[in-house]
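# Inside the fold
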Amino acid sequence: MAKILVVEDDPDLLQLITMALSARGYQIQKCEGGEDALGMLRVYKFDLVVLDWMMPEITGVEVCRQFRQMGGKTPILMLTAKASIDDKEIGLDAGADDYLTKPFDNKELAARVRALLRRPANLAATVMEFGHVKLDPASCQVYKNGELIHVRPKVYDMLEFFMRHPDQVFSAEALLQRVWIDDSAASHDTIRTHIKLLRKSLKHPGCPDLIETVRGKGYMLKSV
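The tally for this structure, following the rule as stated, stands at four aromatic pairs. Consider the rings of W53 and Y99, whose centres lie 6.4 Å apart with planes at 85°: the pair is edge-to-face. With a gap of 46 residues between them, W53 in the loop between β3 (48-52) and α3 (60-69) and Y99 in strand β5 (residues 98-101) connect regions that are remote in the sequence. Through a chain of ring-to-ring contacts, three or more aromatic side chains come together here, namely F161, F162 and F170. Of note, K134 hangs over the ring of Y143, and the distance from its end group to the ring centre comes to 5.0 Å. Stacked on the ring of W180, the Lys or Arg K154 has its end atom at 5.4 Å from the ring centre.

What follows is the structure in structure tokens.
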């Protein structure tokens, strides 16, 4: 049973989220502020954090940033009324793994939670190497020039998909169908945001960009 920390300063919404996720069999720990959330994250281990962006004193973005600086790797789903791509980028750059805009349907919340908790079953556990990047499906870890790096779950899923299909062009629609399988709310903007994050994660001085945009067609992992 997955253990989820829900952080939300609106007591009514906190209760609704808790009820929705508890009904699906998850074990929920809840708190209403960023300071309490950081305290819990320092002491306890969770499988997922559902984190409100707009909170007094310490925002969700700052909680996320501090948690990542502590070395925390637990997936984080950010909840916010901010809907622009720039705002989404701020949250993802702070270390969030996914982003859900308020108001949301409980079914969409549950789908995002399942996606973040899920690690795809791998047909083969063989370590894959491509240029300066190595991916180990058995441990779901990514190495850049031999150093372990943290990548968000969907960025990992996209990288693994590309590494299993090198030198093939995939449209945004194809990526939605094959990587975002159970997320009906994902869009072409979702793909663009995650491609940008993937490029940022893989970028290394002196190494070529591995992800290429093929104008009018899509994206590919290009041999160097």
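Below, the discussion takes up the packing of helix α2 (residues 34-43) against α3. Relative placement of two packed helices is described by the angle separating their axes and the distance separating the axes. Viewed as axis vectors pointing N to C, α2 and α3 meet at an angle of 20°, and their least axial separation amounts to 10 Å. On the basis of their axis angle, the class for α2 and α3 is roughly parallel. Considering the relative orientation of α2 and α3, their crossing is right-handed. Contacts between α2 and α3 involve G34, A37, L38, L41 and R42 from the former and V63, Q66 and F67 from the latter.

Glancing now at the nonpolar core. Core analysis: the largest hydrophobic core is formed by 54 residues, its most contacted members being L51, F162, L175 and I191. Element by element, the count of residues in this core is highest for helix α6 (residues 153-164), at seven residues. The residues contacting F162, other than those within four sequence positions of it, are F170, L175, I195, L198, I211, Y219, M220 and L221.

Parameters at a glance
Residues numbered from 1 in each chain as written. Predicted model: local features only at pLDDT ≥ 70, side-chain atom pairs only at ≥ 80, totals over all residues. Heavy atoms only, no water. Phe/Tyr/Trp six-rings, centres within 6.5 Å; stacked < 30°, edge-to-face > 60°. Helix = DSSP H or I, 4+ residues; strand = E, 2+ residues; numbered from the N terminus. Lys NZ or Arg CZ within 6 Å of the ring centre and 35° of its normal. Axes fitted to C-alpha atoms, helices over the stretch in contact; angles between N-to-C directions. Parallel < 35°, antiparallel > 145°, perpendicular 65-115°, else oblique. Left-handed = near helix turned anticlockwise from the far one by under 90°. Contact = heavy atoms within 4.5 Å. Core = buried A, V, L, I, M, F, W, Y, C linked by side-chain atoms within 4.5 Å. Buried < 20%, exposed > 50% of the residue type's maximum accessible area, 1.4 Å probe, protein only.

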